[in-house]
Amino acid sequence: MPEMNAESLSIPLTQGMLLAGVLFAFGLIGLLVRRNLIFMLMSVEIMLNAAGLAFIVAGAHWGQADGQVMFLFILTLAAAEVSVGLALVLQLYRHFQTLDADAMSRLWG
């Protein structure tokens, strides 16, 4: 069995960035196409994970831990976004009895 080291297990930069770009594009399309607030929150989560993946791949390519540190910040931001976002979704559902984003046009500003 051949010996495995860190170099043989690394993902090439172009393929990792391509995967991150595709995930980000899927999240952006989901955000723009869907009108359900839950699906919109999930699309934002996909976009944040794609950005985190890009940081991890770039950090692994250059042999730096900065990408992992940035990914921890992204995870913290995603957790805060989910907690605040779901609280807002629950309040909007209680008020409008729907999760359709177009119902927010009836809000008084």
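You'll find the structure just up there.
In short, a report on the structure. Bear in mind the structure is a predicted one, so any value in this text is a computation, not a measurement.

## Overview of the packing of helix 3 (residues 37–62) against helix 4 (residues 66–96)
Part 1: Helix 4 packs onto helix 3 with a crossing angle of 175 degrees between their chain directions and a minimal axis gap of 9 Å. Relative to helix 4, the element helix 3 lies roughly antiparallel.

## A look at the packing of aromatic side chains
Part 1: Summed over all chains, the structure comprises zero aromatic pairs.
Part 2: Note that Arg34 overlies the ring of Phe39, its terminal NZ or CZ placed 4.3 Å from the centroid.

## Digging into the environment of Val69
Part 1: Structurally, the position occupied by Val69 is in helix 4.
Part 2: Here Val69 falls in the partly exposed class, since its relative accessible area comes to 42%.
Part 3: Along the chain, Val69 and Phe55 lie 14 residues apart, while their C-alpha atoms are 8.9 Å from each other.

## Some thoughts on the environment of Leu48
Part 1: By secondary structure assignment, the location of Leu48 is in helix 3.
Part 2: According to the relative accessible area criterion, Leu48 is buried, its value standing at 17%.
Part 3: As for Leu48 and Phe71, which are separated by 23 residues in sequence, their C-alpha atoms are 9.3 Å apart.
Part 4: Among all residues touching Leu48, those that are not within four sequence positions of it are Ile74, Leu77, Ala78 and Glu81.

## Remarks on the packing of helix 2 (residues 13–33) against helix 3
Part 1: Contact geometry for helix 2 and helix 3: axes closest at 8 Å, N-to-C directions at 165 degrees. Judged by the inter-axis angle, helix 2 sits roughly antiparallel to helix 3. With respect to the hand of their crossing, helix 2 and helix 3 are arranged in left-handed fashion. Residue-level inspection shows Leu13, Gly16, Met17, Leu19, Ala20, Leu23, Phe24, Gly27, Leu28, Gly30 and Leu31 of helix 2 in contact with helix 3, the latter providing Met40, Ser43, Val44, Ile46, Met47, Ala50, Leu53, Ala54, Val57, Ala58 and His61.

So, how was this worked out
- Residues numbered from 1 in each chain as written.
- Predicted model: local features only at pLDDT ≥ 70, side-chain atom pairs only at ≥ 80, totals over all residues.
- Heavy atoms only, no water.
- Axes fitted to C-alpha atoms, helices over the stretch in contact; angles between N-to-C directions.
- Helix = DSSP H or I, 4+ residues; strand = E, 2+ residues; numbered from the N terminus.
- Parallel < 35°, antiparallel > 145°, perpendicular 65-115°, else oblique.
- Phe/Tyr/Trp six-rings, centres within 6.5 Å; stacked < 30°, edge-to-face > 60°.
- Lys NZ or Arg CZ within 6 Å of the ring centre and 35° of its normal.
- Buried < 20%, exposed > 50% of the residue type's maximum accessible area, 1.4 Å probe, protein only.
- Contact = heavy atoms within 4.5 Å.
- Left-handed = near helix turned anticlockwise from the far one by under 90°.

Read these as spatial facts, not as claims about activity.
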